[in-house]
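# Secondary and tertiary structure notes
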Amino acid sequence: DLPLMPYYGIGPNVGQQNLTDYREREVKAGADLINPFSAWFAAGGTLEAIWPDIGGVTNAGVRSIETSFNEATAPGLSSQPAFMHYEVFAEPRHTRGPFEFTYRVGYNFYQDTQSGHYSFRRFKVEGTHTFHPEKRDDSFLTIHTRLTISDVNAGNAVPFYFQETLGGSDIEGQPTLRGFRDYRFRAPDNVLIQVQYDRRIWGPVGLVGFYDTGEVANRASDLSLGDMRHSYGFGVSIWAGNRAVFRALVGLGSGEGRHLYFGIPTF
């Protein structure tokens, strides 16, 4: 239940002046099944029902989404049907030694169970590579990548609340472009590349430096390395064992001011 969610519009060039807010409530019921065929490969699937509820907000001083956007500019704003979500995925991985990697390659189908207008398909690849340059495991270099491509039949639309976002953290709490505000960019397709270096300095305290780059697009063919947004930054981390368990960062380079980021590491 998220009572105040920012929405700037869809696409890579939306401005900060477009900022509005909406509320989102989502109920899910389902199951995941995963089979670890070996130490380096697993596969599985997801089956779940989703009941979204999207609407405007009435908070004083907040511009509600329906004052600036409509069904054409925010697909799914006028009505939210129940969905069935199906996914099959594979997870190749190597989690021992100085070089580790974990990938998840998934194909998703979101079925609008009422009109079918909002049914869509999504292909997603997400991977993390981790390098340990020191034998004591006091430092590690992480490269995280994500590619999402959505597809719809003619006349259908991907609901804006199911489109993945770049900027700050996404709805799952995953860091994206940390120099921008949360949910700053959204579209059906996106690419994200992140490079991060963690180094323990003293006891449980460490330093972090990162670089993020990514882009959203209305069509996969519009994704281009030459048009990607960039941010970088630094901060401190708290370690437990050979891993950082908390980070406090400042994101720079967006051209939109500094952005503070706090969170439990997800990669």
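Residues numbered from 1 in each chain as written. Predicted model: local features only at pLDDT ≥ 70, side-chain atom pairs only at ≥ 80, totals over all residues. Heavy atoms only, no water.

The next subject is the overall build of the protein chain. Along its length, the protein chain carries zero helices and 14 strands. Going residue by residue from the N terminus, the α and β elements of the protein chain occur as β-β-β-β-β-β-β-β-β-β-β-β-β-β. Along the first, second and third principal axes, the C-alpha atoms of the protein chain reach 55 × 45 × 35 Å. Looking at the protein chain as a whole, 45% of its 267 residues are labelled buried. Of the contacts made within the protein chain by residues no fewer than 6 positions apart, 57% connect residues no fewer than 24 positions apart. As displayed, the protein chain offers around 13,100 Å² of accessible surface, 59% of which is attributable to carbon and sulfur atoms. Computing the positive centroid from 24 side-chain charges and the negative centroid from 29, the protein chain places the two 6 Å apart. (Helix = DSSP H or I, 4+ residues; strand = E, 2+ residues; numbered from the N terminus. Buried < 20%, exposed > 50% of the residue type's maximum accessible area, 1.4 Å probe, protein only. Contact = heavy atoms within 4.5 Å. Areas by Shrake-Rupley, 256 points an atom, 1.4 Å probe, with all protein chains shown as cover. Lys, Arg positive; Asp, Glu negative; His and termini not counted. Charge placed at Lys NZ, Arg CZ, Asp CG, Glu CD.)

What follows covers the pattern of salt bridges. For the structure shown, the criterion picks out 18 salt bridges. The partner of Asp212 in a salt bridge is Arg178, with the nearest N and O atoms 2.8 Å apart. One end of the pair, Asp212, is in strand 11 (residues 205-217); the other, Arg178, is in the loop between strand 8 (165-166) and strand 9 (185-186), with 34 residues separating them in the sequence. Both residues of the pair, Asp212 and Arg178, count as buried. (Salt bridge = Lys/Arg side-chain N within 4 Å of Asp/Glu carboxyl O.)

Attention now goes to the confidence of the model for the protein chain. Taken over all residues, the pLDDT of the protein chain has a mean of 95, while the share at 70 or more is 100%. Strand 9 holds the highest mean pLDDT among the elements of the protein chain, 98, whereas strand 14 (residues 259-263) holds the lowest, 89. (pLDDT = per-residue confidence, 0-100.)

For the rest of this paragraph, the subject is the nonpolar core. Formed by 18 residues in total, the largest nonpolar core has its most connected members in Tyr7, Tyr22, Ile65, Ala74, Phe83, Phe160 and Phe162. Setting aside anything within four residues of it in sequence, one finds Tyr7 in contact with Asn18, Leu19, Thr20, Tyr22, Ile65, Phe69, Thr73, Ala74, Phe160 and Arg186. Residues Tyr8, Phe180, Phe185 and Ala187 belong to the second largest nonpolar core, which totals nine residues. (Core = buried A, V, L, I, M, F, W, Y, C linked by side-chain atoms within 4.5 Å.)

Below, the discussion takes up the packing of aromatic side chains. One pass over the full model with this rule turns up 18 aromatic pairs. Centre to centre, the rings of Phe99 and Phe131 are 5.2 Å apart; their planes meet at 40°, and the pair counts as tilted. Of this pair, Phe99 sits in strand 5 (residues 99-112) while Phe131 is found in strand 6 (residues 120-131), placing the two residues 32 residues apart along the sequence. Using a relative accessible area of 33% as the deciding quantity, one classes Phe99 as partly exposed. For Phe131, a relative accessible area of 29% puts it in the partly exposed group. In textbook terms, an aromatic cluster arises when at least three aromatic residues are bridged by ring pairs, as seen for Tyr7, Tyr22, Phe69, Phe83, Tyr110, Phe120, Phe160, Tyr161 and Phe162. The aromatic ring of Phe210 is capped on one face by Arg178, whose charged end is 4.0 Å from the ring centroid. Seen from the ring of Tyr8, Arg184 lies directly overhead, with NZ or CZ sitting 4.8 Å from the centre. (Phe/Tyr/Trp six-rings, centres within 6.5 Å; stacked < 30°, edge-to-face > 60°. Lys NZ or Arg CZ within 6 Å of the ring centre and 35° of its normal.)

On to the environment of Tyr110. Note that Tyr110 resides in strand 5. Here Tyr110 falls in the buried class, since its relative accessible area comes to 10%. For the pair formed by Tyr110 and Val158, sequence separation is 48 residues and the distance between their alpha carbons is 9.3 Å.

Here the focus is a nonpolar patch on the surface. A surface patch of nonpolar side chains, amounting to about 1,100 Å² of accessible area, comprises Ile201, Trp202, Val205, Leu207, Val236, Ile238, Val245, Phe246, Leu260, Phe262 and Ile264. In this fold, Val245 is placed in strand 13 (residues 243-252). A relative accessible area of 37% means that Val245 is categorised as partly exposed. (Patch = residues over 30% accessible without salt bridge, like charges linked within 9 Å, V, L, I, M, F, W, Y side chains within 5 Å.)

With that settled, the discussion passes to the sheet that holds strand 1 (residues 2-7). Through backbone hydrogen bonds, the strands of a sheet pair up, either in parallel or in antiparallel fashion. Strand order across the open sheet formed by twelve strands is 1-2-3-4-5-6-7-10-11-12-13-14, with antiparallel pairing between neighbours. Because the sheet does not close on itself, it has two edges, and the strands there are strand 1 and strand 14. Going across the sheet, the axis of each strand differs from the next one's by a mean of 25°, ignoring polarity. Pairing of strand 13 with strand 14, which is carried by five bridges, proceeds in the antiparallel orientation. Paired with Arg247 across the two strands is Gly263, which belongs to strand 14. (Pairing = 2+ DSSP bridges. Axes fitted to C-alpha atoms, helices over the stretch in contact; angles between N-to-C directions.)

Time to look at the pairing of strand 13. In the sheet, strand 12 (residues 229-240) pairs with strand 13 via nine bridges, with the strands oriented antiparallel. Bridging from a neighbouring strand, Ala240 pairs with Arg243 of strand 13. The antiparallel hairpin formed by strand 12 and strand 13 contains two residues in its connecting segment, where Gly241 sits at a positive phi of about 70°. The turn linking strand 13 back onto strand 14 is made up of six residues, and Gly253 within it adopts a positive phi angle of 85°.

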